[in-house]
Amino acid sequence: MISLGNTYTEVLRALYALEARRGMDLTLGRTRTVLEALGNPQNRFASIHIAGTNGKGSVAAMLHAMALAAGFKTALYTSPHLVNFTERIRVGWSEVDEASIVMLANEVVAAASDINVDLTFFEVTTIMAFLQFARSGVELAVVETGLGGRFDATNVIDPVVSIITSIGFDHEEFLGTDLASIAFEKSGIIKTRRPVVTGVLPEAARMVVEDIAIQHQAPLVVAKDLGDHDVPVALRGLYQRSNAAIATVAAGLLPSPWQLAVSDIRAGLASAVWPGRLAIIEREPLLILDGAHNPDGVAQLCAEVPRLAGQRRLHLLFSVMRDKRWREMVAALAGVVSSVTVTSASPNRAADVDEVARAFASKGIAAATERDPAVAFRHLSASVDRHDGILVAGSLFLVGAIYRLLLKDIGRERLFDAAHGLHPLVC
């Protein structure tokens, strides 16, 4: 029988090797075939399915918190992780344990091998999540797409509600180079006669989503405003109120027996946790971690900086993937920071640090390079004035690397650990 290894470290090494070997190969056939061989665990719990260029993780976290507040045994599947692979698969507040990862990964790959199916990294992890949810007695799972929607491995579920948070430019090499094409791919999660909720979308995208919803006889609701501005939202940023509106509308569309009381919805909005999104870790000097990694996300970040930083000089620690529209991101960030240190959080995918630094310098920003994110962060932390601030942005890989350092400093390994309580680092 095929095995990825007997330890957590061995299994992760094998999974990442699989990612490097197979890369992206978007189709649903392999996932469906292996799930069928495993007894279709994805059919043993209800689900909410979320796609979108930005905001899908935040909306997922809000809905997860709402359903937990209502007392449902609720799971959450998201990607990528920030610190530990185990973050991707959560039941309740807790991450799946490492022993379960070893067991699940080996079981999925063995089942696929038995029927001569060669799965991708994301297909393996998605099937692992569905198995874990089914075996844990999960009642409702909140499932975030990995990339796009139509051919995303998660798109084998039959959700009670589908959500498209936003549509902008990202992953154009897979989803298309215009908003209509991207909208078509993300609208692939719309199911027949299942309600679908969207944020306010660009006109070209909105028309595509509406047409597909009509074809599927799927009731479509656009979440425009949270309404009650006194509703507390735990996640920072004015844009999170738009995400909260999407989550609130979706929660209101859940059918019996998943209907949520207003008090559950409010409690979920007030308790949702989603690290790395306008996360303020320290006040003196100010330390902000934000996973913005595409032009729309960076624009939202830059709009929030004046409110969060005030008159402080901000020193940016920046890494970006070479396939992103990073020059647009540089242009926006140059308007809110005083200096930048360009680093490389994912050497195999990161844009050239010298080229990015030159782009910042051309905008009048003092630019330095340090390829090691840990070294760069430690240097910044030691050198900035306590009245200034550090902004970490450009890549979720970079934000995850800095979280890893910060957790190590306080003797913690996980971001989500219900047994020990959620540390302020995750808030």
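In what follows, the structure referred to is the one given above.
Residues numbered from 1 in each chain as written. Predicted model: local features only at pLDDT ≥ 70, side-chain atom pairs only at ≥ 80, totals over all residues. Heavy atoms only, no water.

Visitor: Hey, could you run me through the pairing of strand E9 (residues 279-283) in this one?
Guide: If a strand is regular, its side chains alternate between the two faces of the sheet. Inspection of the sheet shows E9 paired to strand E10 (residues 286-289) by 4 bridges, in the antiparallel sense. From the neighbouring strand, arginine 283 faces E10, where its bridge partner is leucine 286. Hairpin remark: E9 followed by E10, antiparallel, with 2 residues in the connecting loop. (Pairing = 2+ DSSP bridges. Helix = DSSP H or I, 4+ residues; strand = E, 2+ residues; numbered from the N terminus.)

Visitor: Please explain the nonpolar core as it appears in this structure.
Guide: As a rule of thumb, nonpolar side chains are buried together in soluble globular proteins. Within the largest apolar cluster, 42 residues are counted, with the highest numbers of intra-cluster contacts made by Leu15, Met128 and Phe133. Breaking this core down by element, the ones donating at least two residues are helix H1 (8-22), helix H2 (29-37), strand E2 (74-77), helix H4 (98-114), helix H5 (121-135) and strand E5 (140-144). When residues of this core are assigned to their parent elements, the largest contribution, 10 residues, is made by H5. Ranked by size, the runner-up nonpolar core spans 37 residues in total, among them Ile50, Leu140, Ile163 and Val233. (Core = buried A, V, L, I, M, F, W, Y, C linked by side-chain atoms within 4.5 Å. Buried < 20%, exposed > 50% of the residue type's maximum accessible area, 1.4 Å probe, protein only.)

Visitor: I tried to follow unusual backbone geometry on my own but got confused; where do I start?
Guide: Only a minority of non-glycine residues have a phi that is not negative, and only a minority of peptide bonds are not trans. The residue after serine 79, namely proline 80, is reached through a cis peptide bond having omega -10°. Here the residue pair serine 256 and proline 257 is connected by a cis peptide bond, since its omega of 10° sits within 30 degrees of zero. When you line up the elements, proline 257 lands in the loop between helix H9 (239-252) and helix H10 (262-271). Within the chain, glutamine 217 stands out as a residue other than glycine whose phi angle is a positive 50°. As for its placement among the helices and strands, glutamine 217 is situated in the loop between helix H8 (203-215) and strand E8 (220-222). Given a relative accessible area of 52%, glutamine 217 falls into the exposed group.

Visitor: Help me understand the pattern of salt bridges, please; the structure alone is not making it clear to me.
Guide: As a working rule, side chains carrying opposite charge can pair if their charged atoms are close by. Using the criterion set out here, one finds 15 salt bridges in the structure. A salt bridge links glutamate 123 to arginine 30; the shortest N-O distance between them is 2.9 Å. Here the residue glutamate 123 occupies a position in helix H5, and arginine 30 occupies one in helix H2, the gap between them amounting to 93 residues. Residue glutamate 123 shares its accessibility class with arginine 30, and that shared class is buried. Between aspartate 323 and arginine 349 there is a salt bridge, and its shortest N-O distance comes to 3.9 Å. Remark: arginine 349 occurs in the loop between strand E12 (339-342) and helix H13 (353-362) and aspartate 323 occurs in the loop between strand E11 (314-318) and helix H12 (326-333); sequence separation between them is 26 residues. Judged by relative accessible area, which is 33%, arginine 349 ranks as partly exposed. Ionic contacts of the salt-bridge type, sharing partners, join the residues Glu203, Arg206 and Glu210 into one network. (Salt bridge = Lys/Arg side-chain N within 4 Å of Asp/Glu carboxyl O.)

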